[in-house]
Amino acid sequence: MNEVIICVGSSCHLKGSEKVIEIFKEEIEKNNLKDIKISGSFCQGNCTEGVNIEINKQKIAAVNKENAREIFKKHLLSDQNE
């Protein structure tokens with residue numbers, strides 16, 4: 001099971017965490033993936049670099065609507081192809 005934790009704290013919320021969640025959900029559906037769990041968290045301690053996410057315990061900063069799909073593909077689809 002792949003786990004994605006997206007910060008929804010004040011700073012990340014203002015920087016677009018809701019849109020990042022929406023994009024990740026769209027990608028999960030589009031790729032018919034069943035083994036990805038998305039959850040939210042409050043502050044991950046890196047507010048100035050938000051939106052902050054964690055994929056399988058790997059922290060990723062500065063996620064936004066422009067790069068969310070690429071990050072999803074790099075970290076979650078490449079695993080599916082191996």
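Everything that follows concerns the structure shown earlier in this document.
Residues numbered from 1 in each chain as written. Predicted model: local features only at pLDDT ≥ 70, side-chain atom pairs only at ≥ 80, totals over all residues. Heavy atoms only, no water.

**A few points about the pairing of strand β1 (residues 2-7)**
To keep things clear, this is the line we draw: Residue burial is assigned from relative accessible area. The probe radius is 1.4 Å, only protein chains are included, and a residue is buried under 20% of its type maximum, exposed over 50%, and partly exposed in between. What counts as a helix is a DSSP run of H or I of at least four residues, what counts as a strand is a run of E of at least two, and both are numbered from the N terminus. In short, DSSP must find at least two bridges between two strands for them to pair.
In terms of burial, β1 is a largely internal element, five of the six residues being buried. Where β1 and strand β2 (residues 36-41) come together, six bridges link them in parallel fashion. Across the sheet, Val-4 pairs through a bridge with Ile-38, a residue of β2. Judged from the three bridges that link them, β1 and strand β3 (residues 53-55) form a sheet pairing that is antiparallel.

**A few points about the environment of Ser-10**
Position of Ser-10 among the secondary structure elements: in helix α1 (residues 10-14). For Ser-10, a relative accessible area of 62% puts it in the exposed group. Sequence-wise, Ser-10 and Cys-43 are 33 residues apart; in three dimensions their C-alpha atoms are separated by 8.0 Å.

**Regarding the side chain of Glu-54**
For the record, the criterion: The contact criterion used is simple: two residues touch if any of their non-hydrogen atoms lie within 4.5 Å.
Of note, Glu-54 is situated in strand β3. For Glu-54, a relative accessible area of 16% translates into the label buried. When residues no more than four places from it in sequence are discounted, the contact partners of Glu-54 are Glu-3, Val-4, Ile-5, Gln-44 and Lys-59.

**Structural notes on the pattern of salt bridges**
Definition in use: Salt bridge criterion: a side-chain nitrogen from Lys or Arg within 4 Å of a carboxyl oxygen from Asp or Glu.
Here the structure, examined in full by the defined rule, presents five salt bridges. For the salt bridge of Lys-30 with Glu-27, the shortest nitrogen-to-oxygen distance reads 3.2 Å. Of the two residues, Lys-30 and Glu-27 both sit in helix α2 (residues 17-30), three residues apart, roughly one turn of that helix. With relative accessibility at 57%, the residue Lys-30 sits in the exposed group. The residue Glu-54 makes a salt bridge to Lys-59 at a minimum N-O spacing of 3.2 Å. Connected via shared salt-bridge partners are Glu-26, Glu-27, Lys-30 and Arg-69.

**Here's the deal with the packing of aromatic side chains**
Let me state the cut-off plainly: Only the six-membered ring of Trp is used, alongside the rings of Phe and Tyr, when aromatic pairs are assigned; centres must lie within 6.5 Å, and planes under 30 degrees apart are stacked while those over 60 apart are edge-to-face, with the rest tilted.
The final tally for this structure, using the stated rule, is one aromatic pair. Between Phe-24 and Phe-72 the ring centres are 5.2 Å apart and the planes differ by 85°, which places this aromatic pair in the edge-to-face class. In this pair, Phe-24 is assigned in helix α2 and Phe-72 in helix α3 (residues 68-80), connecting sequence segments 48 residues apart. The exposure classification of Phe-24 matches that of Phe-72, with both residues buried.

**So, the sheet that holds β2**
Heads up, the condition is: Axis definition: a line fit to C-alpha positions, over the contact stretch in the case of helices; interaxial angles, taken between N-to-C directions, run 0 to 180 degrees.
Pairing is mixed in the open sheet, where four strands are placed in the order β2-β1-β3-β4. Taken across any chain shown, the strands that pair with only one partner, and hence form the sheet edges, are β2 and β4 (58-60). Within the sheet, the average angular offset between the axes of one strand and its neighbour, ignoring direction, is 20°. The strands touched by α2 within the sheet are β1, β2 and β3, with β1 carrying the most contacts at an inclination of about 160°.

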